[in-house]
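# Summary of structural features
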Amino acid sequence: MPADQPFAFLISLIRPIGGYLYGRKTYEATAVWEPPAVLRGGTPATMEFASIWQTSEKIVCSQSLKTVSLPPTRLDREFRPQAVREGKAKSSLDLAMGGPTLAADRLRTGLVDEYHMLIVPALLGRGTPVHPVNLRLRLDLLDERRFSSGWVYLRYRILA
């Protein structure tokens with residue numbers, strides 16, 4: 001659970017987001033925010049975060065996931081770049097994505113305008129690399145924040 005300072009910052013980042021694209025593992029990791037019980041007994045920040053997350057539109061791209069449990073979440077079996085482009089064009093809100101495999105696919109298709117990274121001081125020692133292998137991007141640093149907890153936030157614009 002994030003400390004209060006970075007958690008409040010995360011809430012300010014997700015408030016203007018209109019929808020999320022997730023891969024299976026990221027969706028499963030964030031599904032802890034689904035149960036209505038999360039809203040009872042939590043801190044004001046966790047309750048606000050859970051409320052925002054629960055009501056946000058989510059699309060999970062997965063061939064292995066059987067179902068998604070909370071509306072307004074939709075399961076797509078395949079990635080359709082044109083559908084994402086059309087959704088971006090129709091919405092005035094931002095579209096966010098989570099998960100290194102999913103992000104790699106989207107970065108390769110040119111669907112990503114900005115790259116946000118939250119570095120949390122913990123070493124896991126394994127897993128999928130956060131950056132796509134064999135993909136070179138030019139980035140322009142737009143924002144960076146450091147938190148007393150050791151967390152670091154970086155926001156980049158992807159240059160053509």
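Quick caveat: nothing in here was measured; it's all calculated off a predicted structure.

How each quantity is defined
- Residues numbered from 1 in each chain as written.
- Predicted model: local features only at pLDDT ≥ 70, side-chain atom pairs only at ≥ 80, totals over all residues.
- Heavy atoms only, no water.
- Pairing = 2+ DSSP bridges.
- Helix = DSSP H or I, 4+ residues; strand = E, 2+ residues; numbered from the N terminus.
- Axes fitted to C-alpha atoms, helices over the stretch in contact; angles between N-to-C directions.
- Salt bridge = Lys/Arg side-chain N within 4 Å of Asp/Glu carboxyl O.
- Buried < 20%, exposed > 50% of the residue type's maximum accessible area, 1.4 Å probe, protein only.
- Phe/Tyr/Trp six-rings, centres within 6.5 Å; stacked < 30°, edge-to-face > 60°.
- Lys NZ or Arg CZ within 6 Å of the ring centre and 35° of its normal.
- Contact = heavy atoms within 4.5 Å.
- Core = buried A, V, L, I, M, F, W, Y, C linked by side-chain atoms within 4.5 Å.

### Here we look at the sheet that holds strand 7 (residues 152-159)
Spatially, 5-7-6 is the arrangement adopted by the three strands of the open sheet, whose pairing is antiparallel. If you trace the sheet from one side to the other, it starts and ends with strand 5 (114-119) and strand 6 (138-146), each paired once. Between one strand and the next, the sheet's axes are offset by a mean angle of 20°, whatever the strand orientation. Note that strand 5 and strand 7 share six bridges and pair antiparallel. Considered in strand 7, the bridge of L118 is made with Y153.

### Some remarks on the pattern of salt bridges
Counted according to the given criterion, the structure contains nine salt bridges. Between R145 and D143 there is a salt bridge whose closest N-O contact spans 3.3 Å. Across the pair E144 and R146 runs a salt bridge whose closest N-O atoms are separated by 3.5 Å. We classify R146 as exposed; its relative accessible area is 65%.

### Some remarks on the packing of aromatic side chains
By the definition in use, this model includes six aromatic pairs. Each residue in the set F7, W33 and F49 is aromatic and connected to the rest through ring pairs, giving one cluster. The ring centre of W53 lies 4.2 Å from the NZ or CZ of K58, which sits over that ring. In this structure, R106 is placed above the aromatic ring of F79, and the distance from its NZ or CZ to the ring centre is 3.3 Å.

### Points about helix 5 (residues 100-108)
L102, A103, A104, R106 and L107 are the residues of helix 5 that are buried. Among the structural elements, strand 1 (17-23), strand 2 (57-61), strand 4 (94-98), strand 5 and strand 7 are those in contact with the buried residues of helix 5.

### Here we look at the nonpolar core
If you look at the biggest cluster of nonpolar residues, it comprises 20 residues, and the most contacted ones within it are F7, I14, Y20, Y27, W33, F49 and W53. Those elements that provide at least two residues to this core are helix 1 (4-14), strand 1 and helix 3 (44-55). Top contributing element to this core by residue count: helix 1, with five residues. Counting eight residues, the second largest nonpolar core, distinct from the first, contains L107, V112, V152 and I158.

### Thoughts on the environment of T73
Counting through the fold element by element, T73 comes out in strand 3 (residues 73-76). On a C-alpha basis, the gap between T73 and A104 in space is 22 Å, while along the polypeptide they are 31 residues apart. Aside from chain neighbours lying at most four places away, what touches T73 is Y27, K58, V60 and V68.

### Regarding the sheet that holds strand 1
Here we have four strands laid out as an open sheet, ordered 3-2-1-4, and parallel in their pairing. Bordering the open sheet on either side are strand 3 and strand 4, each of which pairs with just one other strand. The average angle at which neighbouring strand axes cross in this sheet is 20°, direction not considered. Here strand 1 pairs with strand 4 via five bridges, running parallel. Bridged to G19 within strand 4 is L95.

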